[in-house]
Amino acid sequence: MGAIIETKQLTHTYSQGTPFEHTALDSVDFSAQPGEYLAVIGRTGSGKSTLIQHLNGLLKPTSGQMLFDGVDIWESKERTRQVRCQVGLVFQYPEYQLFEETVYQDIAFGPKNMGLDEAEVDRRVKQAARFVGLEPGVLEKSPFDLSGGQKRRVAIAGVIAMEPSVLVLDEPTAGLDPSGSARILDNIRTYHQEKNACIILVSHSMEEVAREAERLVVIHQGTIPFSGPPEAVFSHGKELEAMGLGVPAMTRVFARLRDLGVDLPASVYTIPQAREAVLAALHRGPRKTALGLGGEKAPSDEKGAK
């Protein structure tokens, strides 16, 4: 199966030909498959935002190509317009882009601009609201009367209502508390599963991308030094730290335990994986201490022996 979205030797230079010239992307080859859930990670200024703004034609390459379904999105104005409907982009803090009188009207804005009839617009609005967990009664409220988390979900619903085959989200959980973040990620996962859409998640949270994504793409100084499954990318812990990224907290904990001589796997980066690894170690090891990781008998065992 071919890539749904792909860059070939993509280079983007800001302020070209001026003293402020800066190359944000340098000959980048990036691709995503239909139905894939991948995450793009990199420190501030690495080129992440520049890359994702190319994916639906908000920025035009200085050189190289931006392809959708194998065709250059800049082939014609009509082609660019079509791709902008197929590649949905949710910016960081999207709630600041809400402007309509009601939630319903805000979610309907995109589908209406696609020229869809009223019945289809209504179907998409209600379906998108369901995907992001908005109750029907919320649709007639002003978006400005909602909580921060609800506003975020309305903004995401406005993009989802266009039913993009690629959904790009730039830090969708930024500024939310843990429960709000979890709800947003659950909503994205639901859309991914039910629509088989390609999800491209941009995040600074290593725990978040480790838990959600099938593949990670690391951007550093306008290039892609690493790309692969989380366990492969996080195996480059020292290099990631040098890039200002690091690895998930659970990976650091297990690395320290291995340094102390505990027989644990290296590819642990989520809590479920940690639980399985510890249980497996307990099952195969000698009699454990009260902490469950040593080789000595626990105090309770010694008393029993007496």
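Before going into details, it helps to say that this report is about the structure given with it. (Residues numbered from 1 in each chain as written. Predicted model: local features only at pLDDT ≥ 70, side-chain atom pairs only at ≥ 80, totals over all residues. Heavy atoms only, no water.)

1. Here's the deal with unusual backbone geometry
Part 1: Unusually for a residue other than glycine, Gln 9 sits at a positive phi of about 50°.
Part 2: Turning to its location among the elements, Gln 9 is positioned in strand β1 (residues 5–14).
Part 3: For Gln 9, a relative accessible area of 42% puts it in the partly exposed group.
Part 4: In this structure, Tyr 93 takes a positive phi of about 50° despite not being glycine.
Part 5: Considering the arrangement of structural elements, one finds Tyr 93 in the loop between β6 (87–90) and α3 (103–113). (Helix = DSSP H or I, 4+ residues; strand = E, 2+ residues; numbered from the N terminus. Buried < 20%, exposed > 50% of the residue type's maximum accessible area, 1.4 Å probe, protein only.)

2. Things to note about the pattern of salt bridges
Part 1: Under the defined criterion, the tally for this structure stands at twelve salt bridges.
Part 2: With its nearest N and O atoms 2.7 Å apart, the salt bridge here joins Glu 120 to Arg 123. Placement of the pair is Glu 120 and Arg 123 together in helix α4 (residues 118–131), with a separation of three residues, close to one helical turn.
Part 3: Exposure remark for Glu 120: the relative accessible area of 22% places this residue in the partly exposed category. (Salt bridge = Lys/Arg side-chain N within 4 Å of Asp/Glu carboxyl O.)

3. Digging into the packing of α3 against helix α5 (residues 148–160)
Part 1: At their nearest, the axes of α3 and α5 sit 7 Å apart, and the two run at 35° to each other. Crossing of α3 over α5 shows right-handed handedness. Taking contact as the criterion, the partners of Val 103, Asp 106 and Ile 107 in α3 are, on α5, Val 154, Ala 157 and Gly 158.
Part 2: Of the residues in the contact of α3 with α5, the class split is four nonpolar, one polar and one charged. (Axes fitted to C-alpha atoms, helices over the stretch in contact; angles between N-to-C directions. Left-handed = near helix turned anticlockwise from the far one by under 90°. Contact = heavy atoms within 4.5 Å. Nonpolar A, V, L, I, M, F, W, Y, C, P; charged D, E, K, R; others polar.)

4. Some points on α5
Part 1: Under the 1.5 Å per step criterion, the end-to-end length of α5 is 19 Å for 13 residues, consistent within 8% with the ideal 18 Å.
Part 2: Here α5 has its buried residues at Arg 152, Arg 153, Val 154, Ala 155, Ile 156, Ala 157, Gly 158, Val 159 and Ile 160.
Part 3: Contacts made by the buried residues of α5 are with β6, α3, α4, β7 (166–170) and α6 (178–195). (Expected span 1.5 Å × (residues − 1).)

5. Observations concerning the nonpolar core
Part 1: Within the largest apolar cluster, 50 residues are counted, with the highest numbers of intra-cluster contacts made by Ile 107 and Phe 234.
Part 2: Per-element accounting of this core gives the leading share, six residues, to α5.
Part 3: In this structure, Phe 234 is in contact with Met 206, Val 209, Ala 210, Leu 216, Leu 240, Gly 246, Val 247, Pro 248 and Tyr 269, ignoring residues within four places of it in sequence.
Part 4: Counting 25 residues, the second-largest nonpolar core is a separate cluster that includes Ile 5, Ala 32, Met 66 and Val 166. (Core = buried A, V, L, I, M, F, W, Y, C linked by side-chain atoms within 4.5 Å.)

6. Quick look at the sheet that holds strand β5 (residues 71–72)
The pairing of strands in a sheet happens through backbone hydrogen bonds and is either parallel or antiparallel.
Part 1: Taken in spatial order, the four strands of this open sheet run β2-β1-β4-β5, and their pairing is antiparallel. Single-partner strands in this sheet number two, and they are β2 (22–32) and β5.
Part 2: Bridge count between β1 and β2: seven bridges; the pairing is antiparallel. Each bridged residue has a counterpart across the sheet, and for His 12 the counterpart in β2 is Leu 25.
Part 3: Contacts from helix α1 (residues 48–55) reach β1, β2 and β4 (63–68) within the one sheet, and its direction differs from that of β1 by about 125°. (Pairing = 2+ DSSP bridges.)

What is shown is where atoms sit, not what they do.
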